[in-house]
Amino acid sequence: MKYALVTGGSRGIGSAICEILAKNTDYNILINYNSNKVAAEKTLKLVESHGTKGEIISFNVADKESVDSTLDNWQKNNPDAWIEVLVNNAGINKDGLFMWMKEEDWSNVVNTSLNGFYNVTQFVIQKMLRKRYGRIVNMVSVSGVKGTPGQTNYSAAKGGVVAATKALAQEVAKRNITVNAVAPGFIKTDMTSELDENELVKLVPANRFGEAWEVAELVNFLVSKNASYITGEIVNINGGIYS
Amino acid sequence: MEMNEIIEKVNEVLVDEFEVEIDTIKPDANLRETLDLDSLDYVDLVVAIESISGVKLGEEDFKGIETFQDFYDVLHSKVAEKQD
C-alpha cells in the first residue's frame, strides 16, 4: 500500500494537505502529530470522510531517535507499506527580535523546522531510493526566502531547508524522486492567528490572507505524477507579496 | 558465517540484484566497475547484504574496498563482530 506521510498533519496547512490528498489521490494518509492528538483525530475523520484510509502516528520530528523507532515499528507492522510521498510540514515559530532572542528559542525552532527535515527525510528516502520513485515536498515560508524581521530563527531554519531542497533534488533526481519546497506567505492558520490581519493585509497585493486549502492544492500538484519534471524548485504562494 | 558461505551468498544476491553474469564476479575484479555502481546504488547493495547477513554496512565500511575480495573480507569481519 502506498502512503503519503504529512508531518505536523494535525492542524493548519498540514491538516488541509491531508484532506486534499485524501480527496484527490489514491494514497493512504499517514498523519503525524506531536502534541495535539485531538486535532490529529479530527484530521483523520476528515481524511476518512473522503473514503480514504488514514492513520495517525505520533513522534516529535526534532527527535531523531523517536522518528526512527516509531517509523521503524510502523514499517515492521506494515511490511507492504511504502511511503511514496513525504510532506515535511512540521514546524514551529518563536518570534522575537534577534537582540533579545534566547538560545533555546533559536535552537528549538532550528531543531524542529530544519533538523526535523533531516530526521524524517533520512528515514523515508531509503525506501524511495530502493523503489526508484518518490515525492518530497518541504513546507518552507516566505521568511526562508526573503527573511522576515522578528523571525531570524524561523527564517534561518526555513532558509536552510530551501538550500537542502535544492541540493537533495540534484542528488536523487536520477531515481525519479523529486524534492521541492512550497513557500507560503500569510495563510490563515493557528500560527498566524495572533497576527494583526487588518494591518498586514495591506502588504499583500491580493489584499487577503491565503487559505490553507490553496496551499494544499499546490502540494497536491507537486506530489502528482504530472509534476515529474519539477524538482529543486521553491514555489512561492503568497498573494504577490514576494516573488 | 564462514568465508565460503559469505562468498556464495553474496555472489548470488549480487547476480540477482545487479543483473550481472556470475562469471564477471571474480575475487580480484573491481566491485564498483563490475556492478556498475553509481553512488546511489549503494543503497541497494546495503539492503541486499543486510538481507543475507543481518549486517548493515555504512559509508565507512566501503572505504578501502576495491575488489570483491576486499568486500568479502569486510563483510566477514563485520559478521564475526556481530556474532561476538
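The rules behind each value
Residues numbered from 1 in each chain as written. Chains lettered and ligands numbered in written order. Predicted model: local features only at pLDDT ≥ 70, side-chain atom pairs only at ≥ 80, totals over all residues. Helix = DSSP H or I, 4+ residues; strand = E, 2+ residues; numbered from the N terminus. Rg over C-alpha atoms; globule rule 2.2 N^0.38 Å. Contact = placed C-beta atoms within 7 Å. Pairing = 2+ DSSP bridges. Axes fitted to C-alpha atoms, helices over the stretch in contact; angles between N-to-C directions. Nonpolar A, V, L, I, M, F, W, Y, C, P; charged D, E, K, R; others polar. Buried ≥ 20, exposed ≤ 12 C-beta atoms within 10 Å, placed from the backbone. Expected span 1.5 Å × (residues − 1). Arc of directions from axis to C-beta. pLDDT = per-residue confidence, 0-100. Parallel < 35°, antiparallel > 145°, perpendicular 65-115°, else oblique. Left-handed = near helix turned anticlockwise from the far one by under 90°.

**Describing the overall build of chain B**
- Across its full length, chain B carries five helices and zero strands.
- Each helix (α) and strand (β) of chain B, taken in turn from the N terminus, gives the series α-α-α-α-α.
- Scaling as 2.2 N^0.38, a compact globule of 84 residues should have a C-alpha radius of gyration of about 12 Å, and chain B matches this with 12 Å.
- Counting only C-alpha atoms and orienting by the principal axes, one finds that chain B spans roughly 35 × 25 × 20 Å.
- In chain B, 59% of the contacts between residues at least 6 apart in sequence involve partners at least 24 apart.

**Quick word on the sheet that holds strand E5 (residues 134-139) of chain A**
Residues and elements named next belong to chain A.
- Pairing is parallel in the open sheet, where seven strands are placed in the order E3-E2-E1-E4-E5-E6-E7. The sheet is open, and its two borders are formed by strand E3 (54-58) and strand E7 (234-237), each paired with just one other strand. For this sheet the average axis-to-axis angle between neighbouring strands, irrespective of direction, equals 25°.
- Pairing of strand E1 (residues 2-6) with strand E2 (residues 28-33), which is carried by four bridges, proceeds in the parallel orientation. Residue Leu 5 lies in a different strand from E2, and its bridge partner there is Leu 30.
- Strand contacts of helix H8 (residues 212-222): strand E4 (82-88), E5, strand E6 (177-184) and E7, with the helix running at about 165° to E6, the strand carrying the most contacts.

**Observations concerning the interface of chain A and chain B**
- Tallying the contact residues gives six residues for chain A and four residues for chain B.
- A total of three residues in the side of chain A that touches chain B trace back to one element, the largest contributor, which is helix H4 (residues 103-131) of chain A.
- Along the lines of polarity and charge, the residues of the side of chain A that touches chain B split into two nonpolar, one polar and three charged.

**Comments concerning the pairing of E6 of chain A**
All names here are of chain A.
- Most of E6 is tucked away: eight of the eight residues are buried.
- What you see with E6 is no split at all: Ile 177, Val 179, Ala 181 and Ala 183 on one side and Thr 178, Asn 180, Val 182 and Pro 184 on the other are buried throughout.
- The pairing of E5 with E6 spans six bridges and is parallel. The partner of Gly 134 across the bridge, within E6, is Ile 177.
- Where E6 and E7 come together, four bridges link them in parallel fashion. Residue pairing for E7: Val 182 is matched across the bridge by Val 235.

**Quick word on the environment of Arg 11 of chain A**
Residue and element names in this part refer to chain A.
- Counting through the fold element by element, Arg 11 comes out in the loop between E1 and helix H1 (12-24).
- When the C-alpha positions of Arg 11 and Ala 40 are compared, they lie 7.2 Å apart, and in sequence the two are 29 residues distant.
- The contacts of Arg 11, once residues within four sequence positions are left out, are Asn 36, Ala 39 and Asp 190.

**Let's talk about helix H2 (residues 37-48) of chain A**
Residue and element names in this part refer to chain A.
- With 12 residues, H2 extends 16 Å from end C-alpha to end C-alpha; this agrees with the ideal 16 Å at 1.5 Å per step.
- Listed as buried for H2 are Ala 40, Thr 43, Leu 44, Leu 46 and Val 47. Buried residues of H2, seen end-on, are gathered within an arc of 160° and therefore sit on one face of the element. Exposed residues pointing more than 90 degrees away from the buried face of H2 are listed as Val 38 and Lys 45.

**Describing the confidence of the model for chain B**
- Put simply, chain B has an average pLDDT of 93, and 100% of its residues get 70 or more.
- Scoring the predicted complex yields pTM 0.92 and, for the interface, ipTM 0.77.

**Section: unusual backbone geometry**
Residues and elements named next belong to chain A.
- For Arg 132, which is not glycine, the phi torsion reads 60° and is therefore positive.
- Within the secondary structure, Arg 132 sits in the loop between H4 and E5.
- For Arg 132, a count of 13 C-beta atoms within 10 Å gives the class partly exposed.
- The backbone of Asn 207 shows a phi angle near 65°, a positive value even though the residue is not glycine.
- You can see Asn 207 is positioned in the loop between helix H7 (197-200) and H8.

**Focus: the packing of H1 of chain A against H8 of chain A**
Residue and element names in this part refer to chain A.
- As a packed pair, H1 and H8 sit with axes 8 Å apart at the nearest point and diverge in direction by 55°. Compared by their axis directions, H1 and H8 come out oblique. Handedness of the H1/H8 crossing: right-handed. Contact with H1, carried on its side by Gly 12, Ile 13, Ala 16, Ile 17, Ile 20, Leu 21 and Asn 24, involves Ala 212, Trp 213, Val 215, Ala 216, Glu 217, Val 219 and Asn 220 of H8 and no other residues of that element.
- Looking at the contact of H1 with H8 residue by residue, the class counts come to 10 nonpolar, three polar and one charged.

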